[in-house]
Amino acid sequence: MAELLEQDDLKLLTDIGFIAASRGLKDHAVAIFDAIKAMRPEGEAGYLGLGMVDILGGDPAAAVKTLMAAPRSDAVDTFLGIALVQNADVQQGQKLLQSVIDNSADTPLARIASETLASVAAHAALP
């Protein structure tokens, strides 16, 4: 069966979805990421996008649920770790973020995970 979208087209659509999410265009972003997830259920992009929409929308519990269903990857684990921390499951989130750092040193995902852990530590140090 021929694929509905070429890989470059899918990447462009994913980028547009992330731009929509970052600009607060939740409904548009959700529509894009739902379509990506339907076309590529084995891929992480749709799940990551939907999780990001939930994180940016202040609903970390929904992000956790979405990202737990995603295929495992360092990207998924990074954002799942962030969602877990935001959802008050700090210990589990820290563990997941540390695993990203351990598995993917010197990558942008490891930097995001490290910055998140530093923020959690700084927050914990506050009176």
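Whatever comes next refers back to the structure up there.
Going along each chain's sequence as written, the residues are numbered from 1 onward. Two thresholds apply to this predicted model, a pLDDT of at least 70 for residue-level local features and 80 or more for giving and counting side-chain atom pairs, whereas whole-chain, interface and lining totals are computed over all residues. Water and hydrogen atoms were dropped before computing side-chain values, which therefore reflect all heavy atoms in the structure.

Chemist: Account for helix α4 (residues 60-68), with residues named and values stated.
Modeler: Residue pairs three or four apart in sequence face the same way in an α-helix, which turns once every 3.6 residues. For every residue, the accessible area obtained with a 1.4 Å probe (protein chains only) is divided by the maximum for its type, and the residue is called buried under 20%, exposed over 50%, and partly exposed between those limits. Helix and strand definitions follow DSSP, with helices as H or I runs of at least four residues and strands as E runs of at least two, each counted in order from the N terminus. The set of residues buried in α4 consists of P60, A63, V64, T66 and L67. The contact definition used throughout considers only heavy atoms, calling two residues in contact when any of these lie within 4.5 Å. Next to the buried residues of α4 lie α3 (45-56) and α5 (74-86).

Chemist: Give a detailed account of the nonpolar core, specifying residues and quantitative values.
Modeler: Nonpolar side chains in soluble globular proteins tend to be buried together. Counting residues in each nonpolar core, the largest one holds 22 residues, and the members touching the most others are L48, I55, L67, F79, L80 and L97. Secondary structure elements with two or more residues in this core: α3, α4, α5, α6 (90-103) and α7 (108-125). A per-element tally of this core places α5 first, with eight residues. Dropping the residues within four chain positions of it, L67 is found in contact with Y47, L48, G51, R72, V76, F79 and L80. Buried residues of nine kinds, namely Ala, Val, Leu, Ile, Met, Phe, Trp, Tyr and Cys, make up a nonpolar core once their side-chain atoms join them within 4.5 Å. Within the second largest apolar cluster, nine residues are counted, among which are A29, I32, F33 and V53.

Chemist: Got a sec to walk through the packing of helix α1 (residues 7-22) against α3? Specific residues and values, please.
Modeler: Every angle, taken between N-to-C directions, lies between 0 and 180 degrees, and every axis is a line fitted to C-alpha atoms, over only the stretch in contact when it is a helix. Taken N-terminus to C-terminus, the directions of α1 and α3 make an angle of 5°; their axes are 9 Å apart at the nearest point. In terms of their interaxial angle, α1 and α3 are classed as roughly parallel. Note on element contacts: α3 touches α1 through A45, L48, G49, M52, V53 and L56, opposite T14, F18, A21 and S22. Charged means Asp, Glu, Lys or Arg here, nonpolar means Ala, Val, Leu, Ile, Met, Phe, Trp, Tyr, Cys or Pro, and polar covers whatever is left, Gly included. Across the contact of α1 with α3, the residue classes tally to seven nonpolar, three polar and no charged. Convention used here: angles under 35 degrees read as roughly parallel, angles over 145 as roughly antiparallel, angles from 65 to 115 as roughly perpendicular, and any remaining angle as oblique.

It is worth stressing that arrangement in space is one thing and function is another; only the former is reported here.
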